[in-house]
Amino acid sequence: MKYQSTRDKSVVVESAQAIKQGLSAEGGLFVPCEFPTITKAELDEMKGMTYQQRAVAVLGKFLTDFTKEELEDCVARAYGSQFEDAAIAPLHQLGDNAHVLELWHGPTCAFKDMALQILPKFLVYSMKKTGEDNTVVILVATSGDTGKAALEGFKDVEGTKIIVFYPCDGVSDIQKLQMATQRGDNVAVGAVKGNFDDAQTGVKRIFTDKEYEKELLDNHYVLSSANSINWGRLVPQVVYYISAYCDLIRDGKIANGDQVNVCVPTGNFGNILAAYYASKMGLPIGRFLCASNENQVLTDFIRTGKYDCKREFYTTASPSMDILISSNLERLLFDLAGEDDSVIRLLMDKLKEDGSYTVSQRVMDKVQKLFYGGCADDQQTFDTIRKVKETYDYTVDTHTAVAVKVYEDYVKETGDKTPTIIASTASPFKFGDSVVSAIEGAQAVEGKDCFQLLDLCSEVSGLQAPASLRELKTLQVRFSDTFEKEDMKQYVSRMLNI
Ligand SMILES: *Cc1c(COP(=O)(O)O)cnc(C)c1O
């Protein structure tokens, strides 16, 4: 199986190369040249398998330059005891037709673990396969969830180092602690004075510094990123939609072959695209419900065909979806435009120049047939958290609540009773402040520190807080460096001893 670039189809590589490189040289994203299939008989066989066995089966169809043993090794190490639930991605039923897919039982309590636990393992094999013998240095600028998930994924992975920068005022207390206490011999974390954009711009500047690239290479280092456009982050996400469908068959909720819908709280469009790819393989998915917060650039796109990121940016209670440029949408458009790379070049040039683009009527018709776009503001999000708790005695975080709200709106509008998989992307404990105040009122959280909030969230939800969050209280802070964004490169050099 080969991979092609969305902006130049003549660029064709194996998956190991796509994973090592991340982005194609001309800026395009790697996508499979053709999609493998999954048959009804295979789904039937998979319903009796563990998550790990299902993962090996699905990944094997895409990563054909990896051996089965290599994939088994990656999977065993990625989806092991660091997940608090042995099912890895279990379903929780809400009412008659909704099934919440809990993707947050991993070490950092957000769904990014599903991909970032396994990407580093893929990368080590990809480096061997492509003859790379320099040490790969992963640089990440994070607004919270990604940085910690990348640190956990890459810690002590041979042949790699990881350096994460976060804005010193831009992440929550618990996120800051999660990163500052990070263990591992190949990790470093720095706080940058400024906002997320400052950290991001600083990282981009290091990536494009040709002289520095040479200096690093002289010291046997090459830079790489772990961001969500890497194929190695997308492909593990296809697995859990197929796995959820198998669980629904196994538990007698649907018959094999029945259609399901999926509803996904969306930021960069990676998670929902993985569901679309599962359906391209043959998983019977009817509609894709794309849920946004107040940054509703995708809702508007699905409704009008115009993607326009020239708009106000809102900081919301679901911060991991505060995004105006959804990079992975490019992959969907490539597919819906009949894999015409010239169309994608035009659209992406327009986005860069004007901050907006409009797709053709033909593409638009396809988008609207498959996707439903909806959104929720913070008040609606909080109301949904409270209502879900009252009605179902189930506690959801802010991101998941956005999806639940959009699902409810969709059902109201259409009357569609198709069983629906709702992706739940973070543990309620990770956003305890919002969750507790939604259920108990704002006064309940006033003046509480992040550990008191864990206890409160525990009382409210009736669940035990994840061990990885509780233990933060006892861990030593290892990284307390704060510096100006101009000094980020110097920090990298210091951490690499060059
Ligand atoms: C990253 C993230 C999202 C958005 O996922 P995309 O793949 O970027 O669409 C949603 N919820 C949480 C909690 C996240 O961390």
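Because the structure is a prediction, the values reported are computed rather than measured.

Conventions adopted
- Residues numbered from 1 in each chain as written.
- Predicted model: local features only at pLDDT ≥ 70, side-chain atom pairs only at ≥ 80, totals over all residues.
- Heavy atoms only, no water.
- Pairing = 2+ DSSP bridges.
- Helix = DSSP H or I, 4+ residues; strand = E, 2+ residues; numbered from the N terminus.
- Axes fitted to C-alpha atoms, helices over the stretch in contact; angles between N-to-C directions.
- Contact = heavy atoms within 4.5 Å.
- Buried < 20%, exposed > 50% of the residue type's maximum accessible area, 1.4 Å probe, protein only.
- Arc of directions from axis to C-beta.
- Patch = residues over 30% accessible without salt bridge, like charges linked within 9 Å, V, L, I, M, F, W, Y side chains within 5 Å.
- Areas by Shrake-Rupley, 256 points an atom, 1.4 Å probe, with all protein chains shown as cover.
- Salt bridge = Lys/Arg side-chain N within 4 Å of Asp/Glu carboxyl O.
- Lys, Arg positive; Asp, Glu negative; His and termini not counted.
- Charge placed at Lys NZ, Arg CZ, Asp CG, Glu CD.
- Near = heavy atom within 4 Å.
- Polar contact = N/O pair within 3.5 Å; in protein donor to acceptor, adjacent residues only side chain to side chain.
- Nonpolar A, V, L, I, M, F, W, Y, C, P; charged D, E, K, R; others polar.
- Parallel < 35°, antiparallel > 145°, perpendicular 65-115°, else oblique.

### Observations regarding the sheet that holds strand β1 (residues 3–5)
And step 1. In space, the three strands of this open sheet follow the order β2-β1-β3, with antiparallel pairing throughout. Since the sheet does not close on itself, it has two edges, and those belong to β2 (8–13) and β3 (30–32), each with one partner. On average, each strand axis in the sheet is inclined to that of its neighbour by 40°, with strand direction left out of account.
And step 2. Along the sheet, helix α14 (residues 329–336) contacts β1, β2 and β3; its crossing angle with β3, the most-contacted strand, is approximately 45°.

### Looking at the pairing of β2
And step 1. In the sheet, β1 pairs with β2 via three bridges, with the strands oriented antiparallel. Residue pairing for β2: S5 is matched across the bridge by D8.
And step 2. The antiparallel pairing of β1 with β2 creates a hairpin that spans two residues between the two strands.

### Thoughts on the sheet that holds strand β8 (residues 187–192)
And step 1. Strand order in the open sheet formed by five strands is β9-β6-β7-β8-β16, with parallel pairing between adjacent strands. In this open sheet, the two strands that pair with only one neighbour each are β9 (221–224) and β16 (482–483).
And step 2. Sheet analysis places strand β6 (residues 135–141) next to strand β7 (residues 160–167), joined by six bridges and oriented parallel. Bridge assignment links V137 to a residue of β7, and that residue is K161.

### Digging into helix α16 (residues 361–370)
And step 1. Turning to α16, its buried residues number three or more, namely V363, M364 and V367. Taken end-on, α16 shows its buried residues confined to a sector of 100°, consistent with a single buried face. Exposed residues pointing more than 90 degrees away from the buried face of α16 are listed as Q361, R362 and K369.

### Notes on a negative patch on the surface
And step 1. Residues D173, E440, D449, D455 and E459 make up a contiguous surface patch of negative charge.
And step 2. As for its placement among the helices and strands, D455 is situated in helix α20 (residues 450–461).
And step 3. For D455, a relative accessible area of 47% gives the class partly exposed.

### Here we look at helix α8 (residues 173–180)
And step 1. Those residues of α8 that sit buried are I174, Q175, Q178, M179 and A180.
And step 2. Check the buried side of α8 and you find it contacts α7 (145–154), β7, β8, α20 and α21 (467–470).

### A closer look at the site of the ligand
And step 1. Taken together, 15 residues are adjacent to the ligand, and K112, G267, N268, N271 and T425 come closest.
And step 2. One nitrogen or oxygen atom from the main chain of F269 is found 3.1 Å from an oxygen atom belonging to the ligand.
And step 3. N271 is positioned with one of its backbone polar atoms (N or O) 3.0 Å from an oxygen atom of the ligand.
And step 4. Grouping the constituent residues of the shell around the ligand by class yields five nonpolar, eight polar and two charged.

### With respect to the packing of helix α4 (residues 68–78) against helix α6 (residues 119–129)
And step 1. The contact between α4 and α6 brings their axes to 9 Å, and the two run at 150°. Between α4 and α6, the crossing angle belongs to the class labelled roughly antiparallel. Where α4 approaches α6, its residues E70, L71, D73, C74, R77 and A78 are matched on the opposing element by K121, F122, Y125 and K129.
And step 2. Looking at the contact of α4 with α6 residue by residue, the class counts come to five nonpolar, no polar and five charged.

Note that all results are geometric; they support no functional claim without further evidence.
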